[in-house]
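A look at the structure
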Amino acid sequence: MTTTENGTTKQQAEQVPVAVRPRALAWRRRRASVARFWRQYRTHRAGLFGLGALLLFALLALTAPLLVGSDVDNVTDAPGGPLEEPSAEFPFGTDRFGRNLLGLVIWGARVSLLVGLLAAVLSVAIGTLIGVTAGHFKGWYATVMMRITDWFLVMPTLVLAIALATVMPRSLLTIIVAIGVTTWPTTARLVRAQTLAVETRPYIERARALGGGHWHIMSRHVLPNVMPLVLAQTTLIISAAILAEATLAFLGLSDPSVVSWGALLQDAREAGAVSSGHWWYLVPPGVAIAVVALAFTLCGRAVEQVLNPRLGVSR
Amino acid sequence: MTADAASAPVEKQGAAGPVTDGPAAPRGPRARTTTAYLRYVAGKLAGAAVSLLAVLVTSFFLFRLIPGDPVKFMTGGRQVSAEQLAHYREQFGLDLPLWQQFTDYCGKALTGDLGTSYQFNAPVIDKIMEALPNTLLLTGTAFVLYTLLGIFLGTRSAWRHGRLGDRLNTGLALTLYSVPSFWLGLLLIVTLSVGVGPLPGLFPTGGMESGGEEGFAYVLDVAHHLILPVVTLVAVEYGQTLLVTRSALLDEMGSDYLTTARAKGLRDDLVRRRHAVPNALLPTVTLIFINLGRTVAGVILVETVFSWPGLGGLFYQALSVPDLPLVQGLFFVFAAAVIVMNTLADLIYPLLDPRVGR
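These numbers were taken from a predicted model, which means no experiment stands behind them.

**Section: the interface of chain A and chain B**
A common way to report how large an interface is uses the accessible area buried once the components associate. Between chain A and chain B, the contact holds 31 residues from the first and 39 residues from the second. Breaking the side of chain A that touches chain B down by element, the ones donating at least two residues are helix H5 (140-154), helix H6 (157-167), helix H10 (214-250), helix H11 (261-270) and helix H12 (279-307) of chain A. The element that contributes the greatest number of residues to the side of chain A that touches chain B is H12 of chain A, accounting for eight residues. Its residues placed into classes, the side of chain A that touches chain B shows 22 nonpolar, eight polar and one charged.

Structure (structure tokens):
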């Protein structure tokens, strides 16, 4: 297109800036579709609320070292007496070691969000890998993979995660792996169905006719089409993963030295906060879990509805 | 399509000629659909059997991954002589090679023997059978209540979708769905059992009975203990049923047959109850069964928090030791509950919806 030999191409060259390389064009399209997505997402009030809550919590988690200091979980040098009621100095009261509960809840956001995110990324990565390959390669590979998926699908997720966390050493990595390994099958099924739909389109045949290999077709043609679905799925799974992390920590299956919302609740129960009526010890961590899980669910539902207009009415 | 074409002559023959395959065999198209259904049932049952076998294999190998010597856990750090350790190993069959342990385990599991609990020194199957009725009482009650509540509110919500009532309903359902069940349980205990400020303690803090009661008083006592755990389970579980019922009904609401029903002058209420809801409930049926299996497994936390003497509470006790044979046995029971319920859902669905599985 750089050489202009006749009138028509000259005209085109004037309308379209000369140096439109395919990559630039692709980026422009991507920007346009992101803008379109945002315009529609903006109309979902619940989704916006979820996004706002998430940004707030993410900000708290990132700035926690500045806000509360990194020695907030120090047991030996606690600022207050054990189990103090909420006061001006300690707005949420203190825990059983006399630590500032507000600080601990803010600090706990780091672990809860991190574990939720990483577990969801692991889960969705496994699900996408298996879903795309099982949809692309047919035959025995797909059959075996879908059998494995079905088998994981019938296992009670929480029980399997608890069992895995019991047999592995107590650490955050264990929790992440236990959640990630047990929650991927739904993603795999969704992604496989979408892959099968995409692979019937003519442009895949064209790519194959032009000599595109398996890797090229899967990574350049199938994956970009599956990504929106994967994005919505990730948001929904983070919510489940945060709840699962809290549950496992509450059962005492996490690293005992790490402060997370579930671990705070376990502390509270062990300290007898339930039978002695110390409700302020219990409320903040639970509210934090519920708000963040709800926020991710609301975002996920909004993303799902924007990307899949068929769901439109059920919002 | 091809199956229909192939069986068409058979159908004609069956309708015209005498019945050949047994005195009670139904005639015509029903005979065809019955055999197709039986084939479908056989397929599903075989699938369930394979799944159960896979769970058995997993439950064996998963808990052999545990680092360290199970005998050390059993003796709980006490000083024991080498002979005693060897004796324990022999007693629990831990001195045999792994494959032999596995075949023993499978063989015994088929006869209902799931091994001996380290912690209680009693057969695992006895501990499970002891706790099972309590779990069934708790989950059964909660299941009936949250299913009815979910369907009722979901129908209301969909029928008046977009209004304030619908938005509040879905909002509350989503919020409660995001709440950890154990936390809700703890809060209920603090506010309603222990009592906060002027509130007196209205309910027992845990367990299933106060002891010493008999006859009708005993039933009332158990019911009194049952209220808070059931409320917790219903609160965290009804949301999903609500959302599925709601979206299923919304899908039906644009249908022509509803317009027809309205056009012939039926009241709005009748259109909803006689026409829309029965059709919309079809997808919900599958969910209901899957939920029943999941509730049995998901009850672990609620039972732990309320010290309910059921399978979940037992699982928590076994985990904290860890008492491997008991954990292993309970894992199998939980997974089996889900598989059995999923299979039931698969079997019942085609009977309700003739478009599926034939």
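**Notes on the UniProt feature "domain: ABC transmembrane type-1" (unreviewed entry) in chain A**
Per the UniProt record, "domain: ABC transmembrane type-1" (unreviewed entry) is found at residues 109-300 of chain A. Across residues 109-300 of chain A one finds 82% helix and 0% strand; the C-alpha atoms that close the span lie 20 Å apart.

**Section: the UniProt feature "transmembrane region" (unreviewed entry) in chain A**
All names here are of chain A. Under the present numbering, the feature "transmembrane region" (unreviewed entry) in UniProt falls on residues 46-68, 104-132, 144-165, 171-191, 226-251 and 279-300. The span residues 144-165 carries 91% helix and 0% strand; its end-to-end C-alpha distance comes to 26 Å. This span, residues 171-191, is 90% helix and 0% strand, and a straight line between its end C-alpha atoms measures 31 Å.

**Examining the UniProt feature "transmembrane region" (unreviewed entry) in chain B**
Residues and elements named next belong to chain B. Within this structure's numbering, the places UniProt gives as "transmembrane region" (unreviewed entry) are residues 45-66, 136-159, 171-196, 216-236, 280-306 and 326-352. As annotated, residues 136-159 comprises 100% helix and 0% strand, and the C-alpha atoms at either end are separated by 34 Å. End C-alpha to end C-alpha, residues 216-236 measures 31 Å, and it is 100% helix and 0% strand.

**Digging into the domain arrangement of chain B**
Residues and elements named next belong to chain B. For chain B, the assigned domains are domain 1 (32-119 + 324-358) and domain 2 (125-320). Listed as interface residues are 22 residues of domain 1 and, on the opposing side, 18 residues of domain 2. Partitioning the side of domain 1 that touches domain 2 into residue classes produces 15 nonpolar, five polar and two charged.

What counts and how
Residues numbered from 1 in each chain as written. Chains lettered and ligands numbered in written order. Predicted model: local features only at pLDDT ≥ 70, side-chain atom pairs only at ≥ 80, totals over all residues. Contact = placed C-beta atoms within 7 Å. Helix = DSSP H or I, 4+ residues; strand = E, 2+ residues; numbered from the N terminus. Nonpolar A, V, L, I, M, F, W, Y, C, P; charged D, E, K, R; others polar. UniProt positions renumbered as here; feature names shortened; annotations may be inferred. Domains from an automatic or database assignment.

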